[in-house]
Amino acid sequence: MEATLQKVQQELKSDEWELRVDGLKALTKLGEEARTPDQRQQLAKLLKQEGIGKLVTDQLRNLRSVVAAAACRCATALATGLGSDGRGLADEHWTATLLGVASGGAPKVVQEAATQALSAIVDAAAPIGNAALFSRLCQTAETAKAPPARKHAMDLAARALGRWRPDSNWAQAASVVEKRARDADGSARAAARGLWLALRHAGFARQAQDCLDALDASARKAFQKAAASAPPPGPPLTDLPPPAAPKPKPKPKPVQKKKPVAVEPPPPPSPERPRTKPTPALIDALAQQCASPHWDVRRDAVAALREAQRDGVTGDDRKSAWRALVVAVGDAHHKVALAALEACCAGLDAGREDVEGLLASIPDRPFGVASSLGLLVTRCCSRLADGRAPLRRAAGNCLDGARRAFAPGALLHAAAPATNALTPLRARAALHEFLAAVARVDGEAQGASYLADDTHLHTLVSRVAATLASTRSASTQRETAANDGAAPCHAAATRLLVALFRADRNRVASRVAKLSLNEKQACEHALRDAAPDFKSAVSASRKEETAAPSNIVSEETERAARSTLSAAVAALAREVRGGADARRDASAARADIARIARKDLLSACWSDKCDAVAHLLVERACGGAATSAERYLTVDDSDDSNDGRFHTRRGVAKQPTTSLSDLAARHESLAALRTLARRRPKAFRGSVDSCVPRLLQLARSTTAPLELAWAAER
């Protein structure tokens, strides 16, 4: 035993917490194995000599919960094993520390272990008792500042009164009861009443009555109520008479059989009232109540719509009911939203005809979705980012029901438009996760699917790439209010792109190769681990398209070119008003016009824009400072001085000069007009009659700079 205790002492002094836990476990085993009086006395003597009691006390205060809980269990085993021989350890080292641990901010498992250790220390002092321990408990109950410490001390004192023999030292508990009967903490007041009852049961009825008389009326009433519900106190243990001889057990009486009683059959159940199908007027009224300003009215309307769906709604009424329920999923009140989610789950589990109403279109198109099904998916994804667990659970069940009720292609078609528009970012992350799970099933389908269409796949890849590009930098930064959810959104978008890439490698790589540099780099960076061959596939697709260019232009590219031309026309028109921003936008617009004019595949974009573009370019090339100067530089015809100066009716004037920025803008206009005339001759043919006279006037002008006249002639 001495060798074991020396090893335990070394382990308890170690800096490694695992070794300290091993030492506490070994000490616990010694306490459990000490059964004979000699073993207990030897163990108690060695513990005091080696100073292990103080080492165990230090581990009781350890901040690591594993160590503190092991120390509490060790104190429990030693107190139980040593019994009355371990009084010094309990009084000097453990009681005060365990009270602080049980009533402080320690984890719950440590608090429970400390409470068990205190109970074991009190029980170990039975039946004689421990006056020093009882005095410490009463002092803690009177002077402790923490309410849990006062409560634990009074509970332990009551436990001691119930298990120890009566002694005059226990009467000091009456002063504790009198002081804590009006405690500010309710649990401490309840513990004081329990201590008072234990004092009465322990044979201190006179002290308990004196304490009760010293209380005020309200506290006395609470104590009397507690005494009425408790068993009456008996006489002191010292005044009990000797136990009487056991009485003989009476013979059991014969059980008489009861006569059978005729039991009347229960009445038949009342017939159920036949359910009537809801009318269109009822559905419209319930849909209007879903928009009520009172949340309880909205909740009741949602419940009524759920009952109406169960009774059977057909035609347009089914669409109206589903639209009202889906809108209620996004209600501001959580009870209304929860009722709507449960109603949608019940409706999705019904037959195929009942869920067809979700495919109806909606007028407002939030986040770009065009059907009630898409709105339901986006609202459920938003609820997955909610802080309330019932709402998250109901939203997950609703999404599972949608996957069971609809084909993957229908879900992708309904929710894909919101891929890069849904806010906040945590809701968008949930949407990407949902679409990734659906896309895996759709990509493995044999036959027609949503991803088999080039337009659908290209659009979805573009939206996912936009999300990856917008969240790439924020996903690696520290999470703040501005970029909350950027990291999970980036990870979810990566999983969706991986699912699309595995569904069709070649087409996804071809689409990514056509994206902007920022989006392409974001896609390659996101898939560098999940799909290491993604970057090489994009490079190979880019090389193939360069070697054999396609003659097919997607609708998205043509739409973008038309919007660019419309923006260019607006920028050229704004240049007339002047300003640095207007000049910069007009310069960029002229560059866009020349770039689009050089692309042969975008010739269809000029059908309704060529005349406006040509007119604005000619006006800018032939207008400017020179034209405005010619308005007031009217030469005097009667002047015959022939001195090379401008003679006006107001006198001699200097010839106006053109600024460098104006000269550059006029050159850019002539260059863009020349490119448009050479590359798009069919579209430019209608503008020849209006452009040629102005260009000839500029080429023959004597006031325009010479290089500008040459450009107009070309």
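For the structure, see preceding data.
Now for a look at the structure at hand. (Residues numbered from 1 in each chain as written. Predicted model: local features only at pLDDT ≥ 70, side-chain atom pairs only at ≥ 80, totals over all residues. Heavy atoms only, no water.)

Right, let's get into the packing of helix α7 (residues 108–124) against helix α9 (residues 147–163). One way to put it is that α7 packs onto α9 with a least axis distance of 9 Å and a crossing angle of 30°. In terms of their interaxial angle, α7 and α9 are classed as roughly parallel. In this structure, α7 meets α9 at a crossing whose hand is right-handed. Together, Thr115, Leu118, Ser119, Val122 and Asp123 of α7 and His152, Leu156, Arg159, Ala160 and Arg163 of α9 make up the contact between the two elements. (Axes fitted to C-alpha atoms, helices over the stretch in contact; angles between N-to-C directions. Helix = DSSP H or I, 4+ residues; strand = E, 2+ residues; numbered from the N terminus. Parallel < 35°, antiparallel > 145°, perpendicular 65-115°, else oblique. Left-handed = near helix turned anticlockwise from the far one by under 90°. Contact = heavy atoms within 4.5 Å.)

Attention now moves to the state of the cysteines. As enumerated under the stated definition, the model contains 0 disulfides in all. Of the cysteine sulfurs around Cys74, a residue in no disulfide, the closest is that of Cys72, at 9.8 Å. The thiol of Cys691 is not disulfide-bonded; the next cysteine sulfur, from Cys610, is found 8.3 Å away. (Disulfide = S-S within 2.5 Å.)

Another point: the packing of α9 against helix α11 (residues 186–201). Relative orientation and spacing of two packed helices are given, respectively, by the angle between their axes and the distance between those axes. In the contact formed by α9 and α11, the axes pass within 9 Å of each other and the chain directions differ by 15°. When the interaxial angle is binned, α9 and α11 end up roughly parallel. In this structure, α9 meets α11 at a crossing whose hand is left-handed. Here Lys151, Met154, Asp155, Ala157, Ala158 and Leu161 of α9 come into contact with α11, specifically with Ser187, Ala188, Ala191, Ala192, Gly194, Leu195, Ala198 and Leu199.

With that settled, the discussion passes to helix α34 (residues 706–713). Among the residues of α34, those classed as buried are Leu708, Ala709, Ala711 and Ala712. Buried residues of α34 fall within an arc of 160° about the axis and therefore sit on the same side. In α34, the exposed residues that point more than 90 degrees away from the buried face are Leu706 and Glu713. Of the surrounding secondary structure, the elements contacted by the buried residues of α34 are α29 (610–622), α31 (660–679) and α33 (688–699). (Buried < 20%, exposed > 50% of the residue type's maximum accessible area, 1.4 Å probe, protein only. Arc of directions from axis to C-beta.)

The next point concerns the packing of aromatic side chains. Under the definition given, this model contains 5 aromatic pairs. Judged by centre distance (5.0 Å) and plane angle (45°), the ring pair of Phe134 and Trp170 falls under tilted. With a gap of 36 residues between them, Phe134 in helix α8 (residues 131–143) and Trp170 in the loop between α9 and α10 (173–180) connect regions that are remote in the sequence. Classification of Phe134 as buried rests on a relative accessible area of 0%. Measuring from ring centre to ring centre gives 5.1 Å for Phe501 and Phe534, while their planes differ by 85°; the resulting arrangement is edge-to-face. You can see Phe501 sitting in helix α23 (residues 486–503) and its partner Phe534 sitting in helix α26 (residues 534–547), a full 33 residues away along the chain. You can call Phe501 buried: its relative accessible area is 1%. We classify Phe534 as buried; its relative accessible area is 1%. Of the aromatic side chains, those joined through ring pairs into one cluster are Phe134, Trp164 and Trp170. (Phe/Tyr/Trp six-rings, centres within 6.5 Å; stacked < 30°, edge-to-face > 60°.)

Function cannot be inferred from these measures alone, as they are strictly geometric.
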